[in-house]
Amino acid sequence: MTEQPTSHEGRQPLADRPQEQTRPRQEAAPVGLPSDIPAQPAAPAQPVPPAEAAGPGAPAVAVAVSPKPSGGDGGGQAGRREGDRLRFVGAATRRVARGLDLDEIVLGLCRATVPAFSDEILVYLRDPLPVGDERPVAPFVLRLRRTDRLRLTPDVEGDELVLVPDPDPTPAAELCEVRSGSALAEVLRGVRPVFGDSAAALTALAELLGPDHPLPHGPRAILAPLRGRRRVIGAAVLLRRAEQPAFEPDDLLVGAQLATHTALGIDKAVLYGREAYIADELQRTMLPDSLPQPTGVKLASRYLPAAETARVGGDWYDAIPLPGSRVALVVGDVMGHSMTSAAIMGQLRTTAQTLAGLDLPPQEVLHHLDEQAQRLGENRMATCLYAVYDPVSHRITVANAGHPPPILLHRDGHAEVLRVPAGAPIGVGGVDFEAVELDAPAGATLLLYTDGLVESRLRDVWTGIEQLRERLTAAARLTGPDHAPPLEALCDDVLDMLGPGDRDDDIALLAARFDGIAPSDVAYWFLEPEDAAPGRARRLARRALARWDLEELTDSVELLVSEVVTNAVRYAERPVTLRLLRTDVLRCEVGDDSPQLPRQRRARETDEGGRGLFLVNRLARRWGATRLSGGKVVWFELATRL
């Protein structure tokens, strides 16, 4: 799409600009110079016939145009014009170089050349733009990226000429296919800018701009190929009107400099964008695609990258289901912003998941993470907070490694910063970590976060934590003491506390709403590892189902419990545990002291056993087995409504 400027970078009319309002007319910049570059005294400016006035309210910029000098002091005039060209090229290339992304670079080129060097510019870029070492394809397509065209009109006092945006630009082709052997392809292959009055250039411009775009007569058009490091990535067309002085041969050098700096800037912007995209995708793939839905707790999360100049960080969060309907809540932050930080984050997150699968205590998990960080190399530092929530006991165990403390929002609206020993960051080595066990009442919300949420250049971390606590209290006050704030809305409200200068770091946020499991919905027994254990397990399960009005599940539960308990008794040496949990599903857990996990296999017709897990797999909604530090737990779930 063509884009018309709505202002000339906020420039004001000369009368409103204090540093230029007394400049005499004879000091106006000649053609080829931006108005903000001082020029040597020149001949008095000749008025240019004004174009059709622009629409009302259009912003205006005062300029004066000097014609090409002839006669007189030709040598001195030429020397001054050469110096002016050099100053213009320096200012224009600096303006282009200030751009960080593709649009800023193209905008910088347009604003540097119109109206200082040309009356109109059209910038075409390849679609899609090639990246890195991609093999070029032919034919390729050029797409009009931006066009700027300003026209002259007298100002209200009539003593100066004013540049205003043209609301109706000359139509140009939006797309142009560059075929091998065409005139446009030959001009682009030549790399150097050419005047538009040659036969090859006229044909090339007609292909590029389309038949509806008129071309000025004589050397008033420059076609400048934009060549990156390996290939042509576009073209720029510079045009002057018939009433303006024509381009001079030295202006081709100016066009070449502008095209070269613009193309190299675009090349770097495309490569940077590609690297940023890869890094961003790398980091996002290391974060969980979705959160689990463990029993007795609701989860919500947010992740925000840092500013565009440092999008890659090492923040992560995770929620890992554990045996016994427990869940591990993890949030961490690898120091630094780089691909290395993201890679280390991925390794530490994988390590934390493996350690959680072993059902290690939180302090032991942090200890092994610390060892892993040291194995990854020197100065691999990270902070981490690891918590385990048990919905049956309504307790949470927390260990911290130099991370900001979590905040617990109670159902009555009171928000409290939990007192958890800070500990040393992961990677320091040789330190012990301490875990604390705290109450986690039903209806409370635990908020885990990284320091990017509470710390910035404008505030220290403890000020930010206090502001976060007050924010949570205010959110709970809106819903009242009888209703906890909706979890997703609460996360969005927390992020709204960030101001314009608070995005110095990436942010990971994990919120957990504790629902818990009521004691009346839990049945728990110990079974001696003997032959009578399966029969006793069936009887106990039948009574529990009758108490919960779930008799329709009796047959399925008795069959599955009998199979799982039989398998546990076969290998156990100590008492076997049997637990039934009633929530939105019925969950059965059987634990024993044997670390060997059961494997489903297809039994042969002559085998007496080996069909238990096959039945569990066919009848249960879900099932699984988890190894513990002192054995294993086999579990299955059944829907409570058939």
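See the structure above.
Since this is a predicted model, take the numbers as computed values, not measurements.

S.K.: Talk me through the packing of helix α2 (residues 102-113) against helix α5 (residues 249-286); I want residue IDs and the actual numbers.
M.R.: Contact geometry for α2 and α5: axes closest at 9 Å, N-to-C directions at 165°. When the interaxial angle is binned, α2 and α5 end up roughly antiparallel. As α2 packs across α5, the resulting crossing turns out to be right-handed. Of the residues in α5, those in contact with Leu102, Ile105, Val106, Leu109 and Thr113 of α2 are Leu258, Thr262, Gly265, Ile266 and Ala269. Grouping the constituent residues of the contact of α2 with α5 by class yields seven nonpolar, three polar and no charged.

S.K.: So, the nonpolar core: which residues are in play, and what are the values?
M.R.: Formed by 52 residues in total, the largest nonpolar core has its most connected members in Leu329, Leu366, Leu369 and Phe514. Top contributing element to this core by residue count: strand β12 (residues 382-390), with seven residues. Among the nonpolar cores identified, the runner-up in size contains 33 residues, and Ala92, Phe117, Val131 and Leu226 belong to it.

S.K.: Tell me about the environment of Lys632, and please be specific about residues and values.
M.R.: Inspection of the secondary structure puts Lys632 in strand β23 (residues 631-639). With 42 residues separating them along the chain, Lys632 and Val590 place their C-alpha atoms 8.4 Å apart. Lys632 has contacts with Val590, Gly591, Asp592, Ser594, Gln596, Leu597, Pro598, Thr626 and Arg627, leaving out every residue within four places of it along the chain. A polar contact is formed between the side chain of Lys632 and the backbone oxygen of Ser594, at a distance of 3.2 Å. Here the side chain of Lys632 touches Gln596 through a polar contact of 3.2 Å, landing on its backbone oxygen.

S.K.: Describe the sheet that holds strand β18 (residues 507-514), with residues and values.
M.R.: The antiparallel open sheet is built from five strands, whose spatial order is β9-β18-β17-β14-β15. Whereas interior strands pair on both sides, the edge strands pair on one side only; in this sheet they are β9 (297-304) and β15 (415-417). For this sheet, the mean angle separating the axes of adjacent strands, direction not counted, is 20°. As defined by bridge partners, strand β14 (residues 407-409) adjoins strand β17 (residues 445-449) across three bridges and the pair is classed as antiparallel. The residue of β17 that forms the bridge with Leu409 is Thr445. The strands touched by helix α8 (residues 461-479) are β14, β15 and β17; relative to β14, the strand with the most contacts, the crossing angle is about 15°.

The rules we used
- Residues numbered from 1 in each chain as written.
- Predicted model: local features only at pLDDT ≥ 70, side-chain atom pairs only at ≥ 80, totals over all residues.
- Heavy atoms only, no water.
- Axes fitted to C-alpha atoms, helices over the stretch in contact; angles between N-to-C directions.
- Helix = DSSP H or I, 4+ residues; strand = E, 2+ residues; numbered from the N terminus.
- Parallel < 35°, antiparallel > 145°, perpendicular 65-115°, else oblique.
- Left-handed = near helix turned anticlockwise from the far one by under 90°.
- Contact = heavy atoms within 4.5 Å.
- Nonpolar A, V, L, I, M, F, W, Y, C, P; charged D, E, K, R; others polar.
- Core = buried A, V, L, I, M, F, W, Y, C linked by side-chain atoms within 4.5 Å.
- Buried < 20%, exposed > 50% of the residue type's maximum accessible area, 1.4 Å probe, protein only.
- Polar contact = N/O pair within 3.5 Å; in protein donor to acceptor, adjacent residues only side chain to side chain.
- Pairing = 2+ DSSP bridges.

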